[in-house]
Amino acid sequence: MSTASVRPAEFSHPSGWLPFMLLFIAFTHIPIAHAWHTIQHGLITEAAYQALPGPVRLAFRPYLSRVKLGSMAPDAIQDWENHEIDLHSSDAEAGRALDHLQELSEELILGLRNGEASRAHALGIFLHYVQDLSHPLHTDDDPSETPPLHQAEEVSTWSRRADLQFADPGPRLWTDIQTWANERIPLTNRLHAPWIDAAIAGTDTLPLAQVSFQEAVASTRDLWMSLWYQAKSRPSRVFTRVNRTLVQPDQEFQITVTSNRALDGEVDLSWRRDGRTNRPVRWSQTLDKGRASIKAPSEEGKFLLGVHTNAGSAEIGIRVSTRAYFDLSELSPIGYVLEARWPGTSASFRHFLAPWDMMAVGGALDDPMTEANESNDSAFIPGPFTHIITYLGRDRLGQPIAMEMTQRLTQTIHQLRLVRLPEGEPDEAPDRLGLPWVDISMSDRTWHWSRPFHPWQRERIEAVAPALIAQLQDDWEGEFPYQLEFTWSGVFTDTNLWLVDDGRGGGASCTDYWLSLFEDIAGICITGSRIPAADLIDYFLNDPIASNIDIPDDLNPFPFPLTTRDILELGYTPIDPPPHRFACHDAAEVGVPIPSRLILSPDLATPTFLPNAPILPLGTTPSFPPTWGFGFLGDLLGLLSDEESATASP
């Protein structure tokens with residue numbers, strides 16, 4: 001497949017007309033298909049250079065200015081078909097940008113292998129396209145994304161460039177462009193719909209720009225060093241990336257181990273305190289496609305995680321700290337994309353979630369790396385869905401934040417907690433909040449679905465949002481407890497198991513908490529969410545899985561194993577609670593709330609399926625072009641003439 005009519009590789013010398021063309025584009029800023037501002041490409045390249053491994057950084061130190069200039073050059077070439085990719089297009093040309101990127105990478109590897117210094121400028125051109133494909137607005141085609149809207153977002157991101165930060169999760173080697181693209185571009189695309197929705201609503205999109213900057217710098221650095229190690233015959237190196245650098249005691253996180261040599265399936269790992277000479281704690285663990293789940297130390301402090309492989313060793317810093325509270329009112333009302341699947345189907349869907357939308361998950365699979373059978377928890381709750389999570393918004397770093405009551409009976413923490421939702425699998429964005437990570441991926445839970453509120457319900461929620469947030473803040477900091485939805489006297493001759501449906505009094509389940517909160521504060525009643533005692537009895541007697549699962553030891557009062565069917569056959573009987581009378585109307589409902597009935601409630605709206613998006617309303621397009629100050633010229637000239645002075649150690 002051919003690429004652009006004018007090949008970027010021809011412009012291998014950063015002299016002559018090109019700097020003046022960049023100046024022209026910078027000042028006129030023609031409304032074309034930029035993702036990052038032209039000069040911002042140089043800033044991303046600089047940040048990536050500073051994050052390179054020492055030997056690679058040292059090799060490119062004399063050529064950094066040429067690499068940065070090259071990273072701005074494609075905006076002068078204007079080969080826009082190479083700057084973007086439409087993931088949802090059936091057009092055969094949709095993947096042209098990747099073909100072009102692959103061709104450039106092959107030329108670069110050959111040139112670097114032959115020691116061609118002029119490849120520095122071509123490398124910068126290659127990195128420009130990587131950075132564009134790491135921007136959500138260059139991964140899809142949406143009629144709402146008009147040129148004025150696209151340019152407004154680029155200008156907004158550029159004007160806030162001082163607020164963008166790169167938190168290094170550790171380097172990662174890629175074997176080829178296609179592997180990188182298959183994993184990273186779909187993750188980037190998850191932010192496309194939330195970005196367009198926020199831009200149309202006039203919501204500040206800086207949190208999304210922060211996520212995109214993080215991705216662009218990481219991919220730039222990783223592909224830069226990957227090309228270098230593919231071109232050069234070097235001693236084996238091992239690189240470790242983590243999906244979070246701040247964790248709570250005993251919290252699990254993920255590591256990704258890569259090397260320029262083939263790795264064995266098992267690695268040795270070690271923990272030691274940073275700055276101390278104490279003997280490290282060592283153990284062995286099996287890698288699954290280069291990844292493993294690690295449990296953080298039980299104590300607080302700064303630690304170094306050592307990864308020891310047949311190809312070498314590497315260390316990465318991890319900070320362990322107890323949970324820190326923050327102001328929930330600071331969360332931004334930017335959307336989230338849920339990868340959804342309905343029970344009994346194999347098709348996947350994409351739902352757009354706005355703040356306060358509820359999602360149901362179920363079908364937990366057993367994790368073979370743990371002693372417990374996580375799939376057992378699901379069978380104690382009737383229906384395919386076993387847990388409810390409510391989306392709240394994004395923090396200042398763009399991370400999607402939700403709240404839940406803990407859902408697994410085998411967990412030691414049973415309370416309301418704040419969680420960070422994954423943006424995809426694998427999710428490698430550093431989490432500076434140290435929040436628990438709820439994994440609702442396809443591999444962990446089979447089913448996940450959402451039901452948004454109707455517009456009139458959302459208006460009510462927005463009207464009382466400060467009160468809802470205040471209640472959540474109090475309950476979160478007060479460690480609002482989980483409540484099992486039945487009580488028993490503890491007397492073995494008492495065969496009555498009283499079901500509990502008391503709202504948030506004395507605690508709540510993952511479903512009842514949200515039903516009560518929205519009814520009590522927002523006046524929104526969600527009917528059809530309860531299951532009566534008769535249906536529970538039928539489920540535990542006749543369901544082939546639920547009837548044969550052993551009751552957990554901490555819930556079983558007998559000194560020998562029992563199943564739920566055994567309990568019922570011994571004569572113990574669930575008793576319905578008093579009817580719940582809704583505050584919104586005079587209707588009543590009997591039973592206890594469960595996720596599978598909540599998600600089927602007739603009072604909720606149909607999920608919002610993507611890639612459909614709202615159309616930009618008339619009269620809201622900003623006026624352009626903007627007016628640039630002389631500080632902008634200084635930024636450009638500074639990048640073009642910058643002399644690299646950073647020290648680098650091999």
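Residues numbered from 1 in each chain as written. Predicted model: local features only at pLDDT ≥ 70, side-chain atom pairs only at ≥ 80, totals over all residues. Heavy atoms only, no water.

It is worth spelling out the sheet that holds strand 5 (residues 281–286) at this point. As summarised here, the arrangement of the five strands in space is 2-8-7-4-5, forming an open sheet in which the pairing is mixed. Among the strands making up the open sheet, the edge pair consists of strand 2 (246–247) and strand 5. Relative to strand 7 (residues 301–309), strand 4 (residues 266–273) runs antiparallel, the two being bridged by six bridges. Its bridge partner lying in strand 7, Trp 271 is registered against Leu 305. (Pairing = 2+ DSSP bridges. Helix = DSSP H or I, 4+ residues; strand = E, 2+ residues; numbered from the N terminus.)

Backbone hydrogen bonds are what pair the strands of a sheet, in a parallel or an antiparallel way. If you walk across this open sheet you meet the five strands as 14-13-12-11-15, and the pairing is antiparallel. Only two strands of the sheet have a single neighbouring strand rather than two, namely strand 14 (416–420) and strand 15 (445–451). Between one strand axis and the next, the sheet turns through 30° on average, direction left out of account. Along the sheet face, helix 14 (residues 465–477) touches strand 12 (387–394), strand 13 (400–405) and strand 14 and points at about 105° away from the line of strand 14. (Axes fitted to C-alpha atoms, helices over the stretch in contact; angles between N-to-C directions. Contact = heavy atoms within 4.5 Å.)

Turning our attention to a negative patch on the surface. The grouping of Asp 327, Glu 330, Asp 474 and Glu 477 at the surface amounts to a negative patch. Tracing the chain through its elements places Glu 477 in helix 14. (Patch = residues over 30% accessible without salt bridge, like charges linked within 9 Å, V, L, I, M, F, W, Y side chains within 5 Å. Areas by Shrake-Rupley, 256 points an atom, 1.4 Å probe, with all protein chains shown as cover. Salt bridge = Lys/Arg side-chain N within 4 Å of Asp/Glu carboxyl O. Lys, Arg positive; Asp, Glu negative; His and termini not counted. Charge placed at Lys NZ, Arg CZ, Asp CG, Glu CD.)

Attention now moves to the packing of helix 4 (residues 64–72) against helix 7 (residues 119–132). Contact geometry for helix 4 and helix 7: axes closest at 6 Å, N-to-C directions at 40°. Classified by the angle their axes make, helix 4 and helix 7 are oblique. Relative to helix 7, the crossing made by helix 4 is right-handed. Every residue of helix 7 that contacts helix 4 at Arg 66, Val 67, Leu 69, Gly 70, Ser 71 and Met 72 is listed here: Ala 120, His 121, Leu 123, Gly 124, Ile 125, Leu 127 and His 128. (Parallel < 35°, antiparallel > 145°, perpendicular 65-115°, else oblique. Left-handed = near helix turned anticlockwise from the far one by under 90°.)

Moving on to the confidence of the model for the protein. Averaged over every residue, the pLDDT of the protein is 82; the share at 70 or more is 81%. Across the protein, the element-wise mean pLDDT spans from 40 in helix 19 (residues 630–641) up to 97 in helix 15 (residues 512–522). Predicted confidence is poor over residues 1–17, with pLDDT under 50, and the contacts of this stretch with residues over four places away or in other chains come to 37 contacts. Every residue in residues 612–650 scores below 50 in pLDDT, and together they form 76 contacts with partners more than four places removed in sequence or on other chains. (pLDDT = per-residue confidence, 0-100.)

Before going further, it helps to examine helix 11 (residues 206–231). Taking 1.5 Å of rise per residue, 26 residues should cover 38 Å, and helix 11 covers 37 Å from first to last C-alpha, within 8% of that figure. Extensive coverage of helix 11 is indicated by the burial of 24 of its 26 residues. (Expected span 1.5 Å × (residues − 1). Buried < 20%, exposed > 50% of the residue type's maximum accessible area, 1.4 Å probe, protein only.)

Under the defined criterion, the tally for this structure stands at 25 aromatic pairs. On the basis of an interplanar angle of 80° and a centroid distance of 5.5 Å, the ring pair of Phe 60 and Trp 224 is categorised as edge-to-face. A residue pair is termed long-range when its members are at least 10 positions apart, and Phe 60 in helix 3 (residues 54–60) and Trp 224 in helix 11 qualify at 164 residues. Take Phe 60 and Trp 224: they sit in the same class, and that class is buried. For the ring pair Trp 356 and Phe 518, a centre distance of 6.2 Å and an interplane angle of 80° mean the geometry is edge-to-face. Pair noted here: Trp 356 is in the loop between strand 10 (349–353) and strand 11 (358–364) and Phe 518 is in helix 15, with a separation of 162 residues, a long-range link. The structure contains a cluster of three or more aromatic residues connected by ring pairs, namely Trp 356, Phe 453, Phe 480, Tyr 513, Trp 514 and Phe 518. The side chain of Arg 161 reaches across the aromatic face of Trp 158, ending 3.9 Å from its centre. (Phe/Tyr/Trp six-rings, centres within 6.5 Å; stacked < 30°, edge-to-face > 60°. Lys NZ or Arg CZ within 6 Å of the ring centre and 35° of its normal.)

Glancing now at the pattern of salt bridges. Using the criterion set out here, one finds 23 salt bridges in the structure. Between Arg 291 and Glu 183 there is a salt bridge, and its shortest N-O distance comes to 3.1 Å. Within this pair, whereas Arg 291 is found in strand 6 (residues 291–295), its partner Glu 183 is found in helix 9 (residues 177–189), the two being separated by 108 residues in sequence. A relative accessible area of 18% places Arg 291 in the buried class. Among the charged side chains, a salt-bridge network with shared partners connects Arg 172, Glu 183, Arg 184, Glu 215 and Arg 291.

Once that is clear, we can look at helix 13 (residues 455–463). For helix 13, the complete set of buried residues consists of Gln 457, Arg 458 and Ile 461. The arc enclosing the buried residues of helix 13, seen along the axis, measures out at 100°, which places them on a common side. Those residues of helix 13 that are exposed and angled more than 90 degrees off the buried face are Pro 455, Glu 459, Glu 462 and Ala 463. Packed against the buried residues of helix 13 are helix 14 and helix 15. (Arc of directions from axis to C-beta.)

A word on the nonpolar core. Counting residues in hydrophobic clusters, the biggest one holds 58 residues, and the most contacted among them are Phe 60, Leu 101, Leu 123, Phe 126, Leu 133, Trp 180 and Trp 224. Of all the secondary-structure elements, those providing two or more residues to this core are helix 2 (38–50), helix 3, helix 4, helix 6 (96–113), helix 7, helix 9, helix 10 (192–201) and helix 11. If one sorts the elements of this core by residue count, helix 11 sits on top with 13 residues. Discounting residues that sit within four places of it in the chain, Phe 60 has contacts with Tyr 49, Val 67, Leu 112, Leu 123, Trp 224 and Trp 228. Counting 48 residues, the second largest nonpolar core, distinct from the first, contains Leu 392, Leu 435, Trp 449 and Ile 524. (Core = buried A, V, L, I, M, F, W, Y, C linked by side-chain atoms within 4.5 Å.)

The subject of this paragraph is the side chain of Ser 450. Secondary-structure assignment places Ser 450 in strand 15. Taking the relative accessible area as the measure of exposure, Ser 450 reaches 2% and is therefore buried. Other than its neighbours up to four places away in sequence, Ser 450 contacts Leu 338, His 351, Leu 353, Met 358, Met 359, Ile 599 and Pro 607.

Within the fold, Arg 323 resides in the loop between strand 8 (312–320) and strand 9 (336–340). In the structure, Arg 323 is positioned 112 residues away from Leu 435 in sequence and 7.1 Å away in space, judged by C-alpha atoms. Not counting residues within four places of it along the chain, the set of residues in contact with Arg 323 comprises Gln 248, Gln 415, Leu 416, Arg 417, Trp 476 and Glu 479.

Moving on: the environment of Ser 509. Its place among the elements puts Ser 509 in the loop between strand 17 (496–499) and helix 15. The exposure class assigned to Ser 509 is buried, which follows from its relative accessible area of 4%. Along the backbone, Ser 509 and Leu 484 are 25 residues apart, and their C-alpha atoms lie at a distance of 6.6 Å. In this structure, Ser 509 is in contact with Met 405, Tyr 482, Gln 483, Glu 485 and Pro 593, ignoring residues within four places of it in sequence.

Within strand 3 (residues 252–259), six of the eight residues are buried, which leaves it mostly tucked inside the rest of the structure. Where strand 1 (residues 238–242) lies against strand 3, five bridges are found, and the strand directions are antiparallel. For Val 242, the partnering residue across the bridge sits in strand 3 and is Ile 255. As paired strands, strand 3 and strand 6 are joined by five bridges and run antiparallel to one another. Opposite Thr 256, over in strand 6, you have Arg 291 as the bridge partner.

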